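Listed below are the residues making up each chain.
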Amino acid sequence: MNITLGASVGNSNNATSYAIATAYTPPPYALLVAMGYTNGVGSDTFTMSDSGMSLTWTKFISVSAGGSEEWGFWAVSPATPASTTITLSTGGGSGTHVVAVVFEITGANTTTPILQVKNAAGTGIDPTTTFAAALLTTSGYLAMSTKGVAPGGGQFTAQSGWTADINTHGTGGAPDAKFGVQHRAGGETPALPVVFHY
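Residues numbered from 1 in each chain as written. Predicted model: local features only at pLDDT ≥ 70, side-chain atom pairs only at ≥ 80, totals over all residues. Heavy atoms only, no water.

K.L.:
Break down the side chain of H183 for me, citing the residues and quoting the values.
P.N.:
Here H183 is to be found in strand 12 (residues 177-184). For H183, the contacting residues outside a window of four places in its chain are I3, F103, Y141, L142, W162, T163 and D165. (Helix = DSSP H or I, 4+ residues; strand = E, 2+ residues; numbered from the N terminus. Contact = heavy atoms within 4.5 Å.)

Printed below as a string of structure tokens:
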């Protein structure tokens, strides 16, 4: 299994839709996982679309808190991918900014790709969440961390065995959030907490 950060964006525009990736061509038969954070939208109905391949995007998580939304979608690229623009639509009010990524995962199960999803929120510096079942050594893992409202300095730091793809992604001019994403291509065995430090 290979996990690669395909695209990322930080956009501070007030908008009801955001281009997450433009002129983007993924590998063939890749699992595409888009994850991100949008502020100022409450609990709007988010959708994902693309202009070049008309993929089927499936939402696997959507969490609303304090006027912001964290979300995740997945799709599978075709045998012959085309250049595309991947767009997030809020389905309601205008957001004040968005930060987002698209991961490319090859060698993954593309029929039932998402086996476990967990989220947690807190005010401490060490947010923790625990998966419900033991983690397979052959599976890959993605993690997203966000911190809103005047975060100051610092960055998210991936734990041992994880790769930090983005650890201090701003919001394209809106300094009221920090955003980090990390991945691990396999090797986990116990249902241990996944912890990221800020």
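That shown, we press on.
K.L.:
Before we move on, can you summarise the nonpolar core with the specific residues and values?
P.N.:
Judged by nonpolar contacts, the single largest core of 23 residues is most densely connected at I20, M48, W57, W71, I86, L88 and V102. Of all the secondary-structure elements, those providing two or more residues to this core are strand 1 (2-11), strand 2 (17-24), strand 3 (31-39), strand 6 (68-76), strand 7 (84-89) and strand 8 (97-106). Among the elements that line this core, the one with the most residues is strand 2, at four residues. Excluding its chain neighbours within four sequence positions, the residues that come into contact with V102 are T4, L5, G6, A7, I20, Y24, L32, V33, A34 and I86. Of all hydrophobic cores here, the second largest spans 13 residues; its members include L31, M35, F179 and V181. (Core = buried A, V, L, I, M, F, W, Y, C linked by side-chain atoms within 4.5 Å. Buried < 20%, exposed > 50% of the residue type's maximum accessible area, 1.4 Å probe, protein only.)

K.L.:
Tell me what's going on with the packing of aromatic side chains, and back it up with residues and numbers.
P.N.:
Evaluation of the coordinates by the stated rule reveals two aromatic pairs. An angle of 45° between the planes, with centres 6.4 Å apart, marks the rings of Y141 and W162 as tilted. Separated by 21 residues along the polypeptide, Y141 in strand 10 (residues 141-148) and W162 in the loop between strand 10 and strand 11 (163-169) bring together distant segments of the chain. Overall, the relative accessible area of 7% leaves Y141 in the buried class. A relative accessible area of 12% places W162 in the buried class. (Phe/Tyr/Trp six-rings, centres within 6.5 Å; stacked < 30°, edge-to-face > 60°.)

K.L.:
Account for the pairing of strand 6, naming residues and giving values.
P.N.:
Extensive coverage of strand 6 is indicated by the burial of seven of its nine residues. With nine bridges connecting them, strand 3 and strand 6 associate as antiparallel partners. Each residue of the ladder has a partner; that of N39, found in strand 6, is S68. (Pairing = 2+ DSSP bridges.)

K.L.:
Residues and numbers for the environment of T137, please.
P.N.:
With respect to the element layout, T137 can be found in the loop between strand 9 (128-130) and strand 10. For the pair T137 and A185, spaced 48 residues apart in sequence, the C-alpha separation works out to 8.9 Å.

K.L.:
Go over unusual backbone geometry with me, naming the residues and quoting the values.
P.N.:
Positive phi is not limited to glycine here, since A23 has a value of about 45°. Mapped onto the fold, A23 is located in strand 2. The phi dihedral of S54 falls on the positive side, at around 50°, and the residue is not glycine. Its location among the elements puts S54 in the loop between strand 4 (47-50) and strand 5 (58-65). Residue classification places S54 among the exposed residues on the basis of a relative accessible area of 62%.

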